Amino acid sequence: MSIDSTWLRCPNCFHDLEAITERVLGCDSGHRFDVAKHEIVTLLPPRAPRTVGDDRAMLDARAALLASGAYAPIAAAIVAAARQHAVRRPSRSDDGGDDDKVAGSSDDLRIVDLGCGTGYYAGALAAELTGASVLLADRSPTAVRLATRAVPRATGVVLDLWRPLPVRDGTADVAINVFAPRNAPEFARIVRAAGILIVVVPSAAHFTELRRLGATLDVPEGKADRVTEQFSAAGFDLRQTTRVEYLLDTDAELRVQLVDMGPAAHHRANAADDAADPSPIDAQLTVTVSVDVVVFERGSTAGAD
Ligand SMILES: C[S@@+](CC[C@H](N)C(=O)[O-])C[C@H]1O[C@@H](n2cnc3c(N)ncnc32)[C@H](O)[C@@H]1O
């Protein structure tokens, strides 16, 4: 199986999961989980709520938008942050010296994408940090399937970011969380001491022009500050905040993709009037993309190692 069970723990009893057979993972308490045909495993806790993450239409819109290169600067910023801040964990043969900075090869680096969607950002990291082991995690089985296609040899897991994660303590060197739910205590538990977490959130200027059309939701001011407070309280130290802001020339089709891949899509689907239509004009429109890429380092006292 292509599932790397060294990432995983049982969602029921939290004991480590191991391969029991070619297609089954299990723990020593006797809980068993089938590996699905697309080499992904569903590890949801008992009585998991019926939230299902992004649906196929949202994922298709996101995949088309990302394939256009519209968010390539965000991917580049994530890769640059990982290159600058990620450190390789000391190998057993090390004599207690400092961790190595990740420069060229990144063999043995362990990267998790929490709320991976189509796997676009994990794919960008895997392409640059070759040899890394990648875990793709999302509540949507369709998303995890798409993501495992985008990132060869990655492990895909369907999980709920709002619940205790079926991921072992201190097992990630790098975690990314891009426009996805944030569970700070759990992220602190799964990122190892001195590992890094890269969180991407929209700034208040994101999609200003679409908001004027009534096509997307407001982003409150100071979102990155609140994220910093949230993760600092969980034991992460802020290392860097980088504003990535640029203008995107959009036609009506691209604007529909921008809106349909995000939370406003739910509102649009439910809207009775046309006010939420992002393409009332055919003309080109320049749209501001503005996000904060926030890099944290996991302190040595947070979570469990
Ligand atoms: C806005 S999308 C971002 C996806 C991806 N990070 C990107 O930027 O392309 C949010 C993602 O979070 C996932 N998601 C929503 N709620 C979740 C939950 N409770 N647990 C895990 N994933 C969830 C959705 O399925 C979706 O893929």
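In the block above lies the structure referred to throughout.
Residues numbered from 1 in each chain as written. Predicted model: local features only at pLDDT ≥ 70, side-chain atom pairs only at ≥ 80, totals over all residues. Heavy atoms only, no water.

Draft legend 1. Layout of the sheet that holds strand E1 (residues 18-21). One open sheet accounts for three strands, arranged E1-E2-E3; its pairing is antiparallel. Of all the strands in the sheet, the pair left with one neighbour each is E1 and strand E3 (32-34). Adjacent strand axes in the sheet meet at a mean angle of 40°, parallel and antiparallel pairs treated alike. (Pairing = 2+ DSSP bridges. Helix = DSSP H or I, 4+ residues; strand = E, 2+ residues; numbered from the N terminus. Axes fitted to C-alpha atoms, helices over the stretch in contact; angles between N-to-C directions.)

Draft legend 2. Quick look at the site of the ligand. Surrounding the ligand, one finds 19 residues, the nearest of these being Asp-54, Gly-115, Asp-138, Leu-161 and Val-178. Between the ligand and the protein, one listed contact pairs an oxygen atom with a side-chain N or O atom of Arg-62 at 3.0 Å. Take Leu-161: an N or O atom from its main chain is 2.8 Å from a nitrogen atom of the ligand. Calculation on the ligand without its partners gives an accessible area of 590 Å², and the protein chains cover 92% of this total. Across the shell around the ligand, the residue classes tally to 10 nonpolar, four polar and five charged. (Near = heavy atom within 4 Å. Polar contact = N/O pair within 3.5 Å; in protein donor to acceptor, adjacent residues only side chain to side chain. Areas by Shrake-Rupley, 256 points an atom, 1.4 Å probe, with all protein chains shown as cover. Nonpolar A, V, L, I, M, F, W, Y, C, P; charged D, E, K, R; others polar.)

Draft legend 3. Representation of the nonpolar core in the model. The biggest cluster of nonpolar side chains holds 45 residues, and the ones touching the most others in it are Tyr-71, Ile-74, Ile-78, Tyr-121, Ile-198 and Leu-258. Among the elements that take part in this core, helix H2 (residues 72-85) stands out by supplying seven residues, more than any other. Excluding residues that lie within four positions of it along the chain, Ile-74 makes contacts with Tyr-121, Phe-179, Val-200, Val-244, Tyr-246, Val-289 and Val-291. Counting 37 residues, the second-largest nonpolar core is a separate cluster that includes Leu-25, Cys-27, Ala-175 and Ala-188. (Core = buried A, V, L, I, M, F, W, Y, C linked by side-chain atoms within 4.5 Å. Buried < 20%, exposed > 50% of the residue type's maximum accessible area, 1.4 Å probe, protein only. Contact = heavy atoms within 4.5 Å.)

Draft legend 4. Local environment of the packing of aromatic side chains. Considering all chains together, one arrives at six aromatic pairs under this definition. Relative to Phe-179, the ring of Tyr-71 lies with its centre 6.1 Å away and its plane at 50°, an arrangement referred to as tilted. Taken together, the positions of Tyr-71 in the loop between helix H1 (56-67) and H2 and Phe-179 in the loop between strand E10 (172-178) and helix H5 (184-190) put the pair 108 residues apart, joining distant regions of the chain. Aromatic side chains Phe-187 and Phe-231 sit 5.9 Å apart centroid to centroid with 20° between the ring planes, which places their arrangement in the stacked category. (Phe/Tyr/Trp six-rings, centres within 6.5 Å; stacked < 30°, edge-to-face > 60°.)

Draft legend 5. Summary view of the pattern of salt bridges. In total, this model carries 13 salt bridges according to the counting rule given. Across the salt bridge formed by Arg-189 and Asp-169, the nearest N and O atoms sit 2.6 Å from each other. Of this pair, Arg-189 sits in helix H5 while Asp-169 sits in the loop between strand E9 (155-158) and E10; the two residues are 20 residues apart in sequence, bridging distant segments of the chain. Exposure remark for Asp-169: the relative accessible area of 36% places this residue in the partly exposed category. Linked through salt bridges whose partners overlap, the residues forming this network are Arg-9, Asp-169, Glu-186 and Arg-189. (Salt bridge = Lys/Arg side-chain N within 4 Å of Asp/Glu carboxyl O.)

Draft legend 6. View of the sheet that holds strand E4 (residues 40-42). If you walk across this open sheet you meet the eight strands as E4-E9-E8-E7-E10-E11-E13-E12, and the pairing is mixed. Taken across any chain shown, the strands that pair with only one partner, and hence form the sheet edges, are E4 and strand E12 (236-250). Across the sheet, the mean angle from the axis of one strand to that of its neighbour is 20°, orientation sign disregarded. Here strand E7 (residues 110-114) pairs with E10 via three bridges, running parallel. Across the sheet, the residue bridging to Val-112 is Ala-175, located in E10.

Draft legend 7. Summary view of the pairing of E9. Burial along E9 is two-sided: Thr-155 and Val-157 and Gly-156 and Val-158, pointing in opposite directions, are all buried. Handedness of the strand E8 (residues 133-138)-helix H4 (residues 141-150)-E9 crossover: right-handed. (Right-handed = clockwise from strand over helix to strand, strands pointing away.)

Draft legend 8. Representation of the environment of Ala-36. Along the chain, Ala-36 falls in the loop between E3 and E4. Residue Ala-36 is classed as partly exposed on the basis of its relative accessible area, which comes to 35%. Sequence separation of Ala-36 and Val-24 is 12 residues, and the distance between their C-alpha atoms is 9.2 Å.

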